[in-house]
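What the coordinates show
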Amino acid sequence: VWQFVFFKKVPRMEEAAVEKPVISRPEPLVAEAERSKPHLDKGTISNVLEKDILVNADLFEAVFSTRGGALKRWRLKKYKDKVENGNWIEMVTPGDSAQYPLSLSFSDPNLDNLEGAHYQLESQTENAVQFVYKQKGTKIERTYVFKKESYEFSHTTRIWAPRPLMKGEVFIGFSEGIPTDEKTNILFAAYADVRNFIYRLPGKTYRQKVSNLKEDKEIKNTIQWGGIENRYFISALFNHSKVKPYLLISSPLPGSGAIEFQFPFYKEAGDDFFEMSFSGYIGPKEVGLLKAVEPGFDEAVDFGMFSFLCIPLLFIMNFFYKFCHNYGVAILLLTLLVRVLFHPLTKKSLKAMREMQRIQPQIAKIKEKNKDDRQRMNKEVMDLMKSNKVNPLGGCLPLLFQMPIFFALYRLLYNAIELYQAPFFGWIKDLSTKDPLYITPVLMGVAMFIQQKMTPTTSIDPVQQRMMMLMPIIFSFFMIALPSGLVLYILASTLLQIVSQYVVNRDFAKQGL
């Protein structure tokens, strides 16, 4: 039900075909390639030769363009779009060169010629690239510096221009692009994925679904960082400029848009240039990596209100993984640990339910006898429970204490990038996507049916009993689109609950309960 209500299916990020190059030690980190680009009908931009600047880092391969000195491609080497014969994950949606991520744009129409302008590659080193644009008294210098074995980078843009031209606003950010994946129904979708604009104000992180954005949105507050995310990956910028910008979220077309920092474009007295300074992160939403980038950035992993429980559960799951080297097995061990810890509460709940079941015939007689006097009926029922030392909430309260852990495990296994393309055994080759053969959802339904038969019923209403018989079928259907790692946890938890109930029922039988 949680999946059905809160997670809508939208297309995955566009996948680009990339052949993995052979990287040798003597080759520099930065390389250059050239290709012709079509004419851009904007301002004074002419049909000049665009050059692609290749950055070959340990964890990613990026391509920058001399058209605007902006980002054109960013591929993650550790993650692929498919388990078998897959290509590196592409973090940039191909589009018009004027809308490349990290492009500059201006509110003043007189500066249209600077948008998508042709830059010169000023310098390239093992870990840095610098672009320069010069024309008619205006100079723009754009520098990117990359960290080894990291998805982080730093960026600085400096603009020298005549003071009369420095007015209005200047924008820089990420464009979302339009997904081109075909939509499929819930039975055949790989997994439900949602693209969000995400940003952080002091103390809190906010999300805006791309598909729900109907008009431009301006956030006039102190912005710590902003970017675009899906379930497992994120592109974000962190402002380190002296000037504090606004944040603009725009949606020119349904399902597309951009998130940009909006700076007032001016020079302070004594300054020779206007400067914007950032750090950036384009990579997986791995909690440890995000924490190291910026305080609060780990909230990009959407664990929800139970995140304080998800973090230690994630630590335990990763601890198990160090020994078994299989996240499916780590999930089973984590589930076993949780069930063992909660067995006393489960036993208490089952005992209360059995006691309640024992007095159900007497409760039915009282209801029939006093069906026209509800007040007397309630009094006699409460007296009966009191005389038999039965707590009407005894079966629910122990389960209520367990619910936060179960919800936290749900959120953890639904969002943890550790499960992305992580194999289990046999037909399950990716724990982050649905079971391709639907075996685990069916087994889940069977296990739930067995559990129902073993659980004491506190109702004698035949309509309620028939409805309960349908629950395994309904839950199996809801399990179809869930990640197989999450279904594996629910299945294992149900099976362990059956074992727990068998042990408890056996003990009760010995005690004559």
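All values reported here derive from a predicted model rather than from experimental measurement.

**Concerning unusual backbone geometry**
Despite not being glycine, Glu149 shows a phi value in the positive range, around 50 degrees. Mapped onto the fold, Glu149 is located in the loop between strand S9 (138-146) and strand S10 (152-160). Its relative accessible area of 65% is what places Glu149 among the exposed residues. Phi at Gln421 takes a positive value of approximately 55 degrees, unusual for a residue other than glycine.

**Regarding the packing of aromatic side chains**
Here the structure, examined in full by the defined rule, presents 32 aromatic pairs. With 4.5 Å between their ring centres and 45 degrees between their planes, Phe64 and Tyr144 make a pair best called tilted. In this pair, Phe64 is assigned in strand S3 (residues 60-65) and Tyr144 in strand S9, connecting sequence segments 80 residues apart. Given a relative accessible area of 1%, Phe64 falls into the buried group.

**Considerations on the pairing of strand S11 (residues 169-175)**
Burial of S11 is extensive: five of the seven residues sit out of reach of the surface. Summarising the sheet, strand S6 (residues 104-106) and S11 pair through three bridges and their orientation is antiparallel. Counted as the bridge partner of Leu104 is Ile172 from S11. Sheet topology note: the S11/strand S18 (residues 258-264) ladder contains seven bridges and is antiparallel.

**Examining the sheet that holds strand S19 (residues 274-284)**
The strands making up a sheet associate through backbone hydrogen bonding, with each pair oriented either parallel or antiparallel. Overall, antiparallel pairing links the nine strands, which are arranged S7-S8-S9-S10-S19-S16-S15-S12-S13 in an open sheet. Edge strands, defined here as strands with exactly one partner in the open sheet, are strand S7 (120-124) and strand S13 (204-209). Within this sheet the neighbouring strands show an average axis-to-axis angle of 20 degrees, counted without direction. Bridge analysis of S7 against strand S8 (residues 128-135) gives four bridges, and the strand direction is antiparallel. Along S8, the bridge assignment pairs Ser123 with Gln130.

**Examining the pattern of salt bridges**
One pass over the full model with this rule turns up 15 salt bridges. Between Lys72 and Asp52 there is a salt bridge; the shortest N-O distance is 3.0 Å. Highlighted residues: Lys72 in strand S4 (residues 70-80) and Asp52 in strand S2 (residues 49-56), separated in sequence by 20 residues. For Asp52, a relative accessible area of 12% corresponds to the buried category. Taking the shortest distance from any N to any O, the salt bridge between Arg158 and Glu275 comes out at 2.6 Å. Note that Arg158 is positioned in strand S10 and Glu275 in strand S19, a separation of 117 residues in sequence. Residue Arg158 is classed as partly exposed on the basis of its relative accessible area, which comes to 30%.

**Notes on the sheet that holds S11**
Pairing is antiparallel across the open sheet formed by five strands, whose spatial order is S6-S11-S18-S17-S14. With one partner strand each, in any of the chains shown, S6 and strand S14 (217-219) form the two edges of the open sheet. Averaged over neighbouring strand pairs, the angle between their axes works out to 30 degrees when direction is ignored.

Basis of the calculations
Residues numbered from 1 in each chain as written. Predicted model: local features only at pLDDT ≥ 70, side-chain atom pairs only at ≥ 80, totals over all residues. Heavy atoms only, no water. Helix = DSSP H or I, 4+ residues; strand = E, 2+ residues; numbered from the N terminus. Buried < 20%, exposed > 50% of the residue type's maximum accessible area, 1.4 Å probe, protein only. Phe/Tyr/Trp six-rings, centres within 6.5 Å; stacked < 30°, edge-to-face > 60°. Pairing = 2+ DSSP bridges. Axes fitted to C-alpha atoms, helices over the stretch in contact; angles between N-to-C directions. Salt bridge = Lys/Arg side-chain N within 4 Å of Asp/Glu carboxyl O.

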